[in-house]
Amino acid sequence: MNVAMLKLKTIDLTPRIGTEIQSDVDTLLSGKYAAEIRELLEQRGVLIFRELGLTEEQQKVFSNTLGKPMQQNGKVVLNISLDKGLNGALAAYLEGSFYWHIDLSTADVPSRASLLTARKLSQTGGDTLFANTYAAWDDLPESKKKEIENLRVVHTFENSQRVFKPNPTYAELLEWQEKKPKTHPLVWTHQSGRKSLVLGMTASHVEGMSLEEGRLLLCWLNEWASQPQFVYTHKWKVGDLLIWDNTGCMHRVEPYPFDSGRLMTRTTLEGEERVA
Ligand code: OGA
Ligand code: MN
């Protein structure tokens, strides 16, 4: 698509990632720019709609124009909060969102994108960071690309929980291991031909390498991919809506107090392409 033909008003927020879209609710819900928005999402990793203030119902409608909203825990609109009062059992796992991750990266087909609306903010912390893993791949030295292009990485839910709970009980460990490990190529060659890195805290080890060697490599790559030139940091206002390309970005949130009342609502678009 010819980006010059876009009628939406956009502002790039950093050179490599993050574009603000200035539009209004009716225009966005009409779906008339859905194709342009999807294209921008793939090119820019994360899209920002400042203080759009969508209701939950409108967030569903908007999501529907962009893809296929999926159910999680039986709901299309998911509360994202660390507060057990607001988020029940899910709150226990979400501390993992403080560390770089790709959503649903232990699934066969990771989700396409997520849409997040800020409902209530924390007084401290709570900025969300996004790292463009297409750009991170593109900028790797050729020698490094050769070294890693055919590697495969085992992703486990357990790994993502150990990050913040290094001494689980037996019962916790059993529960974590109910989610089966998933092996993905380290370098995702998308149907578009573009390549991105598949990293984040579910990445446990590299197939065919010793644990130590694989973990060193993953650590190096996670540091590489989260360098400032690949990252956009969002400082939220209530009503902001962000969409991130979950197939070409990883993200994390700056730690915030569990009882801060911070509440976001998320809709998630089904994956359209397996990691290959
Ligand atoms: C998520 C997530 C970050 C945030 O919903 O998947 O990581 O800022 N959220 O709450
Ligand atoms: Mn997430």
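So, how was this worked out
- Residues numbered from 1 in each chain as written.
- Chains lettered and ligands numbered in written order.
- Predicted model: local features only at pLDDT ≥ 70, side-chain atom pairs only at ≥ 80, totals over all residues.
- Heavy atoms only, no water.
- Axes fitted to C-alpha atoms, helices over the stretch in contact; angles between N-to-C directions.
- Helix = DSSP H or I, 4+ residues; strand = E, 2+ residues; numbered from the N terminus.
- Parallel < 35°, antiparallel > 145°, perpendicular 65-115°, else oblique.
- Contact = heavy atoms within 4.5 Å.
- Nonpolar A, V, L, I, M, F, W, Y, C, P; charged D, E, K, R; others polar.
- Near = heavy atom within 4 Å.
- Polar contact = N/O pair within 3.5 Å; in protein donor to acceptor, adjacent residues only side chain to side chain.
- Areas by Shrake-Rupley, 256 points an atom, 1.4 Å probe, with all protein chains shown as cover.
- Donors = N, O, S within 2.8 Å, 3.2 Å for Na, K, Ca; no water.
- Buried < 20%, exposed > 50% of the residue type's maximum accessible area, 1.4 Å probe, protein only.
- Pairing = 2+ DSSP bridges.
- Core = buried A, V, L, I, M, F, W, Y, C linked by side-chain atoms within 4.5 Å.
- Expected span 1.5 Å × (residues − 1).
- Arc of directions from axis to C-beta.

Following both chains from N to C, one finds helix H2 (residues 34-44) and helix H3 (residues 56-66) inclined at 80°, their axes separated by 8 Å at the closest point. When the axis of H2 is compared with that of H3, the two are roughly perpendicular. In this structure, H2 uses Ala 34, Ile 37 and Arg 38 to contact H3, whose residues at the interface are Phe 62, Thr 65 and Leu 66. For the contact of H2 with H3, a count of residues per class yields 4 nonpolar, 1 polar and 1 charged.

This part takes up the site of ligand 1. Close to ligand 1 lie Ile 80, Ser 97, His 101, Asp 103, Leu 116, Thr 128, Trp 244, His 251, Val 253, Arg 262 and Arg 266. One nitrogen or oxygen atom from the side chain of His 251 is found 3.1 Å from an oxygen atom belonging to ligand 1. Between Arg 262 and ligand 1, the recorded distance is 2.8 Å, taken from a side-chain N or O atom to an oxygen atom. If ligand 1 stood free it would expose 290 Å²; the protein chains cover 99% of that surface. Residues that form the shell around ligand 1 fall into these classes: 4 nonpolar, 4 polar and 3 charged.

For the manganese ion (ligand 2), the full set of protein donor atoms is His 101 (NE2), Asp 103 (OD) and His 251 (NE2), at a range of 2.1 to 2.2 Å. Expressed as a motif, the donor residue spacing for the manganese ion (ligand 2) is H-x1-D-x147-H. Of this pair, Asp 103 sits in the loop between helix H4 (84-87) and strand E5 (113-120) while His 251 sits in strand E14 (residues 249-253); the two residues are 148 residues apart in sequence, bridging distant segments of the chain. Look at Asp 103 and you get buried, because its relative accessible area is 7%.

So, about the side chain of Thr 156. Structurally, the position occupied by Thr 156 is in the loop between strand E7 (152-155) and helix H7 (157-162). Residue classification places Thr 156 among the buried residues on the basis of a relative accessible area of 14%. Polar side-chain contacts of Thr 156 include one of 2.9 Å to the backbone nitrogen of Asn 159. Once you skip the residues sitting within four places of it in the chain, Thr 156 turns out to touch Thr 106, Pro 181, Thr 202 and Ser 204.

This next bit is on the sheet that holds strand E11 (residues 203-206). The strands that make up a sheet pair up through hydrogen bonds in the backbone, lying either parallel or antiparallel. A sheet is described by the order of its strands in space; here 3 strands give the open sequence E8-E7-E11, paired in antiparallel fashion. The open sheet has two free edges, formed respectively by strand E8 (182-185) and E11, since each of these has just one partner strand. Going from strand to strand, the sheet's axes swing by 35° on average, the running direction of each strand aside. Relative to the sheet, helix H9 (residues 211-225) contacts E7 and E11, its axis offset from that of E11 by approximately 125°.

It is worth spelling out the nonpolar core at this point. Nonpolar side chains in soluble globular proteins generally cluster together in the buried interior. Ranked by size, the top nonpolar core spans 28 residues in total, and within it Leu 140, Ile 148, Leu 186, Leu 197, Leu 199, Leu 221 and Met 250 carry the most contacts. Those elements that provide at least two residues to this core are strand E6 (128-132), helix H5 (133-138), strand E9 (187-189), E11 and H9. If you tally residues by element for this core, the top one is H9, at 5 residues. The residues touching Leu 186, leaving out its near neighbours within four places in the chain, are Ile 148, Leu 151, Arg 152, Val 153, Ser 196, Leu 197, Val 198, Leu 199 and Leu 221.

With 15 residues, H9 should cover 21 Å at 1.5 Å per step; its first-to-last C-alpha distance of 21 Å lies within 8% of that length. Among all positions of H9, only Gly 214, Leu 217, Leu 218, Leu 221, Asn 222, Trp 224 and Ala 225 are buried. All buried residues of H9 lie within an arc of 160° about the axis, which places them on one face of the element. Facing away from the buried side of H9 by over 90 degrees, the exposed positions are Glu 212, Leu 216 and Glu 223.

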